[in-house]
Amino acid sequence: YADSAMYKSKQSGRNNFQFYTDELNQRLMERLDLEYRLRLALENEEFLLHYQPKLALVSGAICGAEALIRWQPAGESMISPASFIPIAEETGLIEDIGLWVLHEACRQAVKLNRLYGRELPIAVNVSPRQFRQSDLVSMVRSALLNSGLNPACLELEITESSLVHDTGSFIKTLQELKNLGVGLAIDDFGTGYSSMAYLKDFPVDRLKIDQVFVSNLEAEPSNIAILKAIVALGHSLNMKVIAEGVETAYQKAFLLGIGCDEMQGYHFSKPLHMDTFGKLLSDSCLKN
Ligand code: C2E
Ligand code: MG
Ligand code: MG
Ligand code: MG
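Rules used throughout
- Residues numbered from 1 in each chain as written.
- Chains lettered and ligands numbered in written order.
- Predicted model: local features only at pLDDT ≥ 70, side-chain atom pairs only at ≥ 80, totals over all residues.
- Heavy atoms only, no water.
- Donors = N, O, S within 2.8 Å, 3.2 Å for Na, K, Ca; no water.
- Helix = DSSP H or I, 4+ residues; strand = E, 2+ residues; numbered from the N terminus.
- Buried < 20%, exposed > 50% of the residue type's maximum accessible area, 1.4 Å probe, protein only.
- Near = heavy atom within 4 Å.
- Polar contact = N/O pair within 3.5 Å; in protein donor to acceptor, adjacent residues only side chain to side chain.
- Areas by Shrake-Rupley, 256 points an atom, 1.4 Å probe, with all protein chains shown as cover.
- 1 Å grid on protein atoms, 1.4 Å probe; cavity = no way out; pocket = protein on both sides within 12 Å on 5 of 7 lines; lining within 4 Å.
- Sits in = over half its atoms within 2 Å of the grid points.
- Phe/Tyr/Trp six-rings, centres within 6.5 Å; stacked < 30°, edge-to-face > 60°.
- Lys NZ or Arg CZ within 6 Å of the ring centre and 35° of its normal.
- Salt bridge = Lys/Arg side-chain N within 4 Å of Asp/Glu carboxyl O.

If you check an unreviewed UniProt entry, the protein chain appears there as Diguanylate cyclase/phosphodiesterase with PAS/PAC sensor(S) from Sideroxydans lithotrophicus.

Below you can see the structure in the form of structure tokens.
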């Protein structure tokens, strides 16, 4: 070891410190490696989108889908967005990745609409850093124009925590996006501490209840009150309310019972490859 601190720690026999430093170095190396590979992933076309259907609770019909990014490096297993989106966000790579997602989702939405003769809204996640980009609105406009997608068939999901700072300029951006004709949703609602006072000024169409309130509903009855309150709040502001992370028949029945509009979750379907999602759509068209 050339590093003198580590050398000293070794000399003084503080093995715990030595171990700790090694582990930190190891993690730092892994992270630098991930960052490096993430930079190349766009060029190498290693990203793809999966689609998770959204279900209207009363009719049981598929009423949309969320596009979720996947990273598939050649010859390796798929890497989940939970492990690379935060790094992409910190390094700024999210701006390029997010732009790719936007264009890809619009292109694929046009294909899906053509194939299945339905105008299904596709939701795209917009991260906090993307939301602060000054040219976000013009990028969304370009993605719509290039693909020819009906703006009503695109929805942007913005996490609640993006909306907490500098509310004035955020409302302006939301309004400009709304003027393009796209739908807007607040994602992970209930965990981001957006002020109730501002919520009424957000021109959004949907509240997406964070999955923490749904996933432990059976074990945590106090969530019943929270879920009811969010549904009532959303409806009183003329928003649709969708629950995510619905995994059980009990959760689905409960949400239907309290008037929640839509659901998304493993109980109905995991996020699917584009072709599998298309197959599901054509099967459900036959049924209806
Ligand atoms: P999110 O937008 O809140 O997406 C919901 C996540 O919950 C997805 O994880 C989805 O696969 C997962 N999920 C859906 N149903 C269930 C369920 O019943 N049970 C459980 N336990 N989980 C369920 P995923 O695909 O791993 O994405 C994680 C997060 O990464 C997303 O959370 C979103 O914040 C971010 N993300 C994904 N794709 C993109 C993207 O294209 N751009 C940006 N900026 N962020 C993305
Ligand atoms: Mg989302
Ligand atoms: Mg969410
Ligand atoms: Mg989330």
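1. So, the coordination of the magnesium ion (ligand 2)
Taken together, E66 (OE), N125 (OD1), E157 (OE) and D187 (OD) make up the full set of protein donors to the magnesium ion (ligand 2), lying 2.0 to 2.2 Å away. Here the donor residues of the magnesium ion (ligand 2) share one chain and are spaced in sequence as E-x58-N-x31-E-x29-D. For the pair the magnesium ion (ligand 2) and the magnesium ion (ligand 3), the metal-to-metal distance amounts to 4.2 Å, and D187 bridges them. With N125 in strand β3 (residues 122-126) and D187 in strand β5 (residues 183-189), this residue pair connects regions lying 62 residues apart in the sequence. Taking the relative accessible area as the measure of exposure, N125 reaches 29% and is therefore partly exposed. By relative accessible area, D187 is classed as buried at 5%.

2. Structural notes on the site of ligand 1
Around ligand 1, the surrounding shell holds 22 residues, and the nearest of these are R70, N125, D187, E247 and Y266. Q52 places a side-chain nitrogen or oxygen 3.0 Å from a nitrogen atom of ligand 1. Coverage of ligand 1 by the protein amounts to 83% of the 800 Å² it exposes when considered alone. Put simply, ligand 1 lies in the largest pocket. Among the elements that make up the shell around ligand 1, the one with the highest residue count is strand β2 (residues 62-71) (four residues).

3. Brief notes about the packing of aromatic side chains
This structure, assessed with the given rule, holds six aromatic pairs. Summarising the aromatic geometry, the rings of F47 and W100 are spaced 6.2 Å apart at their centres and angled 45 degrees between planes, so their arrangement reads as tilted. Residue F47 is located in strand β1 (residues 47-56), and its partner W100 is located in helix α4 (residues 94-116); the two are separated by 53 residues in the primary sequence. What makes F47 buried here is its relative accessible area of 7%. A centroid spacing of 5.8 Å and a plane angle of 20 degrees characterise the contact between Y51 and F277, whose relative ring orientation is stacked. Here F277 lies in helix α12 (residues 274-287) and Y51 lies in strand β1, a separation of 226 residues in the sequence. Like F277, Y51 is buried. Each residue in the set F47, W71, F84 and W100 is aromatic and connected to the rest through ring pairs, giving one cluster. Cation over ring: K270 sits above Y266, and NZ or CZ is 4.7 Å from the ring centre.

4. Concerning the pattern of salt bridges
Taken as a whole and judged by the stated rule, the model has 18 salt bridges. Across the salt bridge formed by K54 and E157, the nearest N and O atoms sit 3.3 Å from each other. A residue pair is termed long-range when its members are at least 10 positions apart, and K54 in strand β1 and E157 in strand β4 (residues 154-159) qualify at 103 residues. Judged by its relative accessible area of 4%, K54 is buried. One salt bridge connects K208 with E244, and the closest N-O pair in it is separated by 3.9 Å. Of this pair, K208 sits in strand β6 (residues 206-209) while E244 sits in strand β7 (residues 240-244), and the two are 36 residues apart along the sequence. You'll find K208 and E244 in the same group, each marked buried. One salt-bridge network, held together by shared partners, links K54, E66, E155, E157, R206, K208, E244 and E262.

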